[in-house]
Amino acid sequence: MTFPDSIAVPASVVEIVQRLEDAGHETWCVGGAIRDALLDDPHSDFDIATSAPPDAVTSLFPHTVPVGIKYGTIGVLDPDRVLHEVTTFRRDVRTDGRHAEVEFGATLEEDLARRDFTINAMAYHPLRREWRDPHAGQEDLDRHLVRAVGDAGDRFREDRLRILRALRFAARFGFQIEAFTWRAARAEVAGIRDLSAERVRDEWYKGLRSAKSIARFVKEWIRVGAADIWLPELIPPPKGEVGETGRWRRLGGSDAVEVAPESREIERGDVRDPVVLTVLMCLDPVAVFRRLKASNSEIQRATAMMVGPLEPGGADEISVRRWMAAVGEAANDLVKVWSLRHKTPWPWEALMQRIRARGDPLTRAELAVTGDDLTEAGIAPGPTLGECLETLLAAVVEDPSRNTREELLAIARASVHGA
Ligand code: ATP
Ligand code: MG
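Scoring rules and cut-offs
- Each residue is numbered by its place in its chain's sequence as written, counting from 1.
- Each chain takes a letter, starting from A, and each ligand takes a number, starting from 1, following the order in which they are written.
- Residues qualify for local features only when their pLDDT is at least 70, as the model is predicted, and side-chain atom pairs are given and counted only at 80 or more; totals for whole chains, interfaces and linings, by contrast, use all residues.
- Just so you know, side-chain values use all the structure's heavy atoms and leave hydrogens and water out.
- Secondary structure follows DSSP: runs of H or I at least 4 residues long count as helices, runs of E at least 2 residues long count as strands, and numbering of each begins at the N terminus.
- Residue burial is assigned from relative accessible area. The probe radius is 1.4 Å, only protein chains are included, and a residue is buried under 20% of its type maximum, exposed over 50%, and partly exposed in between.
- Any pair of residues with heavy atoms lying within 4.5 Å of one another is described as a contacting pair.
- Methods summary: accessible areas were calculated by the Shrake-Rupley approach with a probe of 1.4 Å, and residue burial reflects only the protein chains presented.
- As used throughout, the charge tally considers Lys and Arg to be positive and Asp and Glu to be negative, leaving His and the chain termini uncounted.
- Charge coordinates come from a single atom per side chain, which is NZ of Lys, CZ of Arg, CG of Asp or CD of Glu.
- One bridge is not enough; two strands pair if DSSP finds at least two bridges between them.
- Helix axes are fitted only over the stretch in contact, all axes being lines through C-alpha atoms; the angle between N-to-C directions runs from 0 to 180 degrees.
- What the arc measures is the spread of directions leading from the helix axis to the C-beta atoms.
- Only a single heavy atom is needed: when it lies within 4 Å of a molecule or strand, its residue is near that molecule or strand.
- Residues adjacent in sequence count toward polar contacts only when both atoms are side-chain atoms; beyond that, a polar contact is any pair of N or O atoms within 3.5 Å, and within protein one must be able to donate a hydrogen and the other to accept it.
- We count a salt bridge whenever a side-chain nitrogen from Lys or Arg sits within 4 Å of a carboxyl oxygen from Asp or Glu.
- When the centres of two rings from Phe, Tyr and Trp lie within 6.5 Å, Trp using its six-membered ring, the rings pair. Their planes under 30 degrees apart give stacked, over 60 give edge-to-face, and anything left gives tilted.
- Residues forming no salt bridge and having over 30% relative accessible area are the ones grouped into patches, like charges within 9 Å of each other and nonpolar side chains (Val, Leu, Ile, Met, Phe, Trp, Tyr) within 5 Å.
- Take the buried Ala, Val, Leu, Ile, Met, Phe, Trp, Tyr and Cys residues and link them wherever side-chain atoms come within 4.5 Å; each set so joined is a nonpolar core.

Engineer: Just to check I follow, could you spell out the overall build of the chain for this structure?
Structural biologist: The number of helices and strands found in the chain is 23 helices and eleven strands. For the chain, the C-alpha atoms occupy an extent of roughly 90 × 60 × 35 Å along the three principal directions. A total of 419 residues make up the chain; the buried ones form 48% of that total. Long-range contacts, defined here as pairs at least 24 residues apart, represent 64% of the contacts in the chain between residues at least 6 apart. Of the roughly 19900 Å² of accessible surface on the chain, a fraction of 50% belongs to carbon and sulfur atoms. The average position of the 56 basic charges and that of the 68 acidic charges among the side chains of the chain differ by 4 Å.

Engineer: Can you walk me through the sheet that holds strand E8 (residues 123-125) in this structure?
Structural biologist: Within a sheet, neighbouring strands are paired by backbone hydrogen bonds and run either parallel or antiparallel to one another. Pairing in this open sheet of seven strands is mixed, and the strands run E3-E4-E5-E2-E1-E8-E9 from one edge to the other. Looking at the sheet topology across the chains shown, the edges are occupied by strand E3 (64-68) and strand E9 (130-132). Ignoring strand direction, the axes of neighbouring strands in this sheet form an average angle of 35 degrees. Here E3 runs beside strand E4 (residues 73-77); their pairing, made up of three bridges, is antiparallel. Paired with Gly68 across the bridge in E4 is Thr73.

Engineer: Would you explain helix H8 (residues 179-188) in this entry?
Structural biologist: The α-helix winds at 3.6 residues per turn, so residues separated by three or four positions along the chain end up facing the same way. Those residues of H8 that sit buried are Thr181, Trp182, Ala184, Ala185 and Glu188. Angular distribution of buried residues about the axis of H8 spans 165 degrees; they occupy a single face of the element. Exposed residues lying more than 90 degrees from the buried face of H8 are Phe180, Arg183 and Ala187.

Engineer: Looking at this model, I keep getting lost on the pairing of E4. Mind explaining?
Structural biologist: Along a regular strand, successive side chains alternate from one face of the sheet to the other. Counting buried positions along E4 gives five out of five residues, so the element sits mostly inside the fold. Burial along E4 is two-sided: the face carrying Thr73, Gly75 and Leu77 and the face carrying Ile74 and Val76 are both buried. The antiparallel pairing of E3 with E4 creates a hairpin that spans four residues between the two strands, and Gly72 there sits at a positive phi of about 85 degrees. When E4 meets strand E5 (residues 83-88), the two strands line up antiparallel, connected through five bridges. Across the sheet, Ile74 pairs through a bridge with Val86, a residue of E5. The hairpin formed by E4 and E5 contains five residues between the paired strands, and Arg81 there has a positive phi angle of roughly 65 degrees.

Engineer: Got a minute to help me understand the site of ligand 1 in this structure?
Structural biologist: What surrounds ligand 1 is a group of 15 residues, the closest being Arg35, Asn120, Asp159, Arg162 and Arg165. Here Gly32 contributes a backbone N or O atom positioned 3.3 Å from an oxygen atom of ligand 1. A distance of 3.2 Å separates a nitrogen atom of ligand 1 from a polar backbone atom of Asp116. Protein contacts shield 79% of the accessible area of ligand 1, which totals 580 Å² for the unbound molecule. Residue assignment for the shell around ligand 1 shows that the elements contributing at least two residues are helix H2 (32-38) and helix H7 (161-173).

Engineer: Explanation requested: the side chain of His125 in the structure shown.
Structural biologist: Mapped onto the fold, His125 is located in strand E8. For His125, a relative accessible area of 0% translates into the label buried. A polar contact is formed between the side chain of His125 and the backbone nitrogen of Arg128, at a distance of 3.1 Å. With sequence-adjacent residues up to four places away left out, His125 is seen in contact with Val17, Glu21, Thr27, Trp28 and Glu130.

Engineer: Quick question: what am I supposed to make of the pairing of strand E2 (residues 47-50) here?
Structural biologist: Pairing of strand E1 (residues 27-30) with E2 involves four bridges; the strand directions are antiparallel. The residue bridging Cys29 from the neighbouring strand is Ile48, located in E2. Alignment of E2 against E5, held across three bridges, turns out to be parallel. Across the sheet, Ala49 pairs through a bridge with Thr87, a residue of E5.

Engineer: What should I look at first to understand the pattern of salt bridges in this one?
Structural biologist: Pairing of side chains with opposite charge becomes possible as their charged atoms draw close. Taken as a whole, this structure holds 36 salt bridges when the rule is applied. Of the charged contacts in the structure, one is a salt bridge between Arg91 and Glu103, with a shortest N-O distance of 2.5 Å. Separated by twelve residues along the polypeptide, Arg91 in strand E6 (residues 91-95) and Glu103 in strand E7 (residues 100-103) bring together distant segments of the chain. In this structure, Arg223 and Glu220 form a salt bridge, with 3.0 Å as the shortest nitrogen-oxygen distance. In this pair, Arg223 and Glu220 are both assigned in helix H10 (residues 214-224), three residues apart and thus about one turn of the helix distant. Residue classification places Arg223 among the partly exposed residues on the basis of a relative accessible area of 44%.

Engineer: What is the right way to read the packing of aromatic side chains from this model?
Structural biologist: Given two aromatic rings, one states the distance between the centres and the angle between the planes to describe the pair. Scanning all chains against the criterion turns up eleven aromatic pairs. Arranged with centres 6.4 Å apart and planes meeting at 5 degrees, the rings of Phe169 and Phe173 form a pair that is stacked. Linking Phe169 with Phe173, this pair stays in helix H7, spanning four residues, or about one helical turn. Assessed through its relative accessible area of 9%, Phe173 is described here as buried. Between Trp338 and Trp348 the ring centres are 5.6 Å apart and the planes differ by 75 degrees, which places this aromatic pair in the edge-to-face class.

Engineer: Just to check I follow, could you spell out a nonpolar patch on the surface for this structure?
Structural biologist: A surface patch of nonpolar side chains, about 190 Å² in accessible area, is lined by Val65, Val67 and Leu83. Following the sequence through the fold, Val65 ends up in strand E3.

Engineer: Looking at this structure, I do not really get the nonpolar core. What am I missing?
Structural biologist: Nonpolar side chains in soluble globular proteins tend to end up buried together. Judged by nonpolar contacts, the single largest core of 95 residues is most densely connected at Trp204 and Trp221. Per-element accounting of this core gives the leading share, nine residues, to H7. Grouped together as the second largest cluster of nonpolar side chains are 16 residues, Leu367, Leu408, Ile411 and Ala412 included.

Written out as structure tokens, the structure is:
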């Protein structure tokens, strides 16, 4: 394949390049947007690389944001307030597997040489319509390969995150990881232990969101050894260990690769939610989210999904209403987990929609009486009141037509006198 004569570059990006070039600074479009344009998968995030030092970039544009000043990245706001990243050509002077110390004053070739994969190390000049591809990224795009730039072992030792990035790009495009790159990834994988939980989580989430086949993405995380370190809950016990496998299944474990949805199911079920997918595939997802330093709300969602139950006790409307009242806000997540696990739509959907459309009361807050009403009616505050509210809610969930003030006060009095 030869390079196309040109690719579509947004006008605002061309203007930024033009201004830098007019001021005498060599400037190129680089990285993911070039790769995606060649794959016919247009991508609006055009990264701009320039010989201009950061202060020159800042002084050439009226509105800039120092997004990553330490690494030479300035955000330039276009007239529509869209931010474009402009990064000074750089070379790495020191790396420790997690952070790089960079130096400016580099050439485009040096800048491309410090990028992770050949398919991410191509440059296009939108004014001159020229290409630079010193690492033959275009050939690897043609061959569907993720290949490290230069020596894969060096690349991975410089930055361990690149191992996880390789898995993500391979899964996103349905590419293979080239053999030397794969071997180096396996050899260096122990180093990902030192990455921050946030960066690992970010890669895991992005991979789940973008993978063509989630099953393949998960398999590669396991095969390369990354799951052992960060997501052991993904790995079922070895086949043949019958007792262990049985215990694993009783605990809710399922072979992640088996349960991982294929793209068709994901599109149908509208599930690209990394929290739902992690719950679906991991034995103890709450532990996973804690380890990955997920947000409290994500940990709460995972906990609620684990508490369940995943489905109503019966197929009638009352059972569905009871279930909805019991699971509360977790209902939608549980429906997704159920339908992914069973690879079929949740059977109670129509009933749930009807219950929602009518607005049937499902929580204490929706009861026609408040706690104050009940104390006024003579119910003692404290545990008795709590129990009374639960009784009322159960009655209303059973039969929503009972949700009137008179009826509920009557039930309350009867329950206290009866007790
Ligand atoms: P995405 O569509 O996921 O944004 P991308 O290729 O644009 O894909 P970014 O993380 O936005 O990925 O990075 C932009 C570019 O910067 C990459 O294409 C690559 O050239 C370079 N890059 C990013 N992270 C690294 C890294 N850890 N090591 C080396 N080069 C990197
Ligand atoms: Mg990007």
